[in-house]
Amino acid sequence: MIDAVLQHQSEQVEAGSLRQTQFEIAAVAMGDAAMAVDACTVGAYYKVQGFLNRKSLKSVKLRLHVTHISSVID
């Protein structure tokens, strides 16, 4: 299991107007996804797939469970 923090920044269209988005999210990866995350370079760009879940049964904080990650050429 690997814990990580992912950052995202982009422009999205909302109600016909551009909106800046920027956030950090806690992430966790297990198995093959953990090995792939471990091989990642800090500061590089990646496409990440997964699902959101609570950090624990009693927590309201969300974290992304990474199921797939691949490099994006910038």
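What counts and what doesn't
Residues numbered from 1 in each chain as written. Predicted model: local features only at pLDDT ≥ 70, side-chain atom pairs only at ≥ 80, totals over all residues. Heavy atoms only, no water. Pairing = 2+ DSSP bridges. Helix = DSSP H or I, 4+ residues; strand = E, 2+ residues; numbered from the N terminus. Axes fitted to C-alpha atoms, helices over the stretch in contact; angles between N-to-C directions. Salt bridge = Lys/Arg side-chain N within 4 Å of Asp/Glu carboxyl O. Buried < 20%, exposed > 50% of the residue type's maximum accessible area, 1.4 Å probe, protein only.

Asks: Any chance you could explain the sheet that holds strand E2 (residues 17–29) here in plain terms?
Replies: The pairing of strands in a sheet comes from backbone hydrogen bonds and takes either a parallel or an antiparallel form. Pairing within the open sheet is mixed, and its four strands lie in the order E1-E2-E4-E3. Bordering the open sheet on either side are strand E1 (2–14) and strand E3 (46–54), each of which pairs with just one other strand. Along the sheet, successive strands turn relative to each other by an average axial angle of 40°, direction set aside. Of the pairings in the sheet, the one linking E3 to strand E4 (residues 62–71) comprises nine bridges and is antiparallel in character. For Lys47, the partnering residue across the bridge sits in E4 and is Ser70.

Asks: Help me understand the pattern of salt bridges in this model?
Replies: Oppositely charged side chains are able to pair whenever their charged atoms sit close together. By the definition in use, this model includes two salt bridges. Here Asp3 makes a salt bridge to Arg63, at a shortest N to O gap of 3.6 Å. Taken together, the positions of Asp3 in strand E1 and Arg63 in strand E4 put the pair 60 residues apart, joining distant regions of the chain. Classification of Arg63 by relative accessible area gives buried; the value is 15%.

Asks: What exactly am I supposed to notice about the pairing of E4 here?
Replies: Within a regular strand, side chains alternate between the sheet's two faces. Sheet topology places E2 next to E4; three bridges connect them, and they run parallel. Following the sheet pairing, Val28 is matched in E4 by His65.

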